[in-house]
Amino acid sequence: GPGRLGTGTHDDGGTARVRLPTMTSSEQTLAAIVDTFLPAAEGLPSASELGVHRRLLAEVDALDRPAIRRHLDLLVRAMSTPFGTMALGGRPGRPTSLADMDQAAREAFMRRLGASSIGLKRTAFQDLKRLTLLLGYGIEGSPWRARTGFVPPVPDPPSPSRIRVRTPVPGE
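Anyway, here's the lowdown on the structure attached to this text. (Residues numbered from 1 in each chain as written. Predicted model: local features only at pLDDT ≥ 70, side-chain atom pairs only at ≥ 80, totals over all residues. Heavy atoms only, no water.)

### With respect to the pattern of salt bridges
Part 1: On inspection of all chains with the given rule, the structure shows 5 salt bridges.
Part 2: Here R147 makes a salt bridge to E42, at a shortest N to O gap of 3.0 Å. Placement of the pair is R147 in helix 7 (residues 143-148) and E42 in the loop between helix 1 (25-37) and helix 2 (52-62), with a sequence separation of 105 residues.
Part 3: Look at E42 and you get exposed, because its relative accessible area is 68%.
Part 4: In this structure, E172 engages R166 in a salt bridge whose closest nitrogen and oxygen atoms are separated by 3.1 Å.
Part 5: The exposure class assigned to R166 is exposed, which follows from its relative accessible area of 58%.
Part 6: Members of the salt-bridge network, linked through shared partners, are D61, R69 and D73. (Salt bridge = Lys/Arg side-chain N within 4 Å of Asp/Glu carboxyl O. Helix = DSSP H or I, 4+ residues; strand = E, 2+ residues; numbered from the N terminus. Buried < 20%, exposed > 50% of the residue type's maximum accessible area, 1.4 Å probe, protein only.)

Written out as structure tokens, the structure reads:
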């Protein structure tokens, strides 16, 4: 069928080949970014399996600030290429795109990005990390949220309005 093959992990620790939906290079990279911060663990799904990468884009789009979306797209496209990852903090040797790195290599890359002497790199790291964790733990029904034991409080009942509504009459 359509899609690409990826790997998943069974609860018993074994690895399985799974069919993933076809994604663009940038979508694969953003999925790898969010999975770096919230990987599948202890029977819980990864951030990308929860759709955090798509939700992140939707939240950025909802800000209605096209410049922020352009900056995010530029960052993700850069991380989609071996040259871009080298420029952002990759290791010399055999450059690779972020999506082609394993979990440990992605984590090391992100640590270097977060510890960079360049403020924009640190900001990019912090924003990606915070958004991923906020969405991963904040989505209603998220198994990660459930694992924390957080139970949202029952909202206060609505209070009656003190505003009187009346229909104006002609001539007012």
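This is not the end of the story, as more comes after the structure.
### Observations concerning the side chain of H53
Part 1: You can see H53 is positioned in helix 2.
Part 2: By relative accessible area, H53 is classed as buried at 4%.
Part 3: Apart from the residues within four sequence positions on either side, H53 is in contact with M23, E27, L30, A31, V34 and S48. (Contact = heavy atoms within 4.5 Å.)

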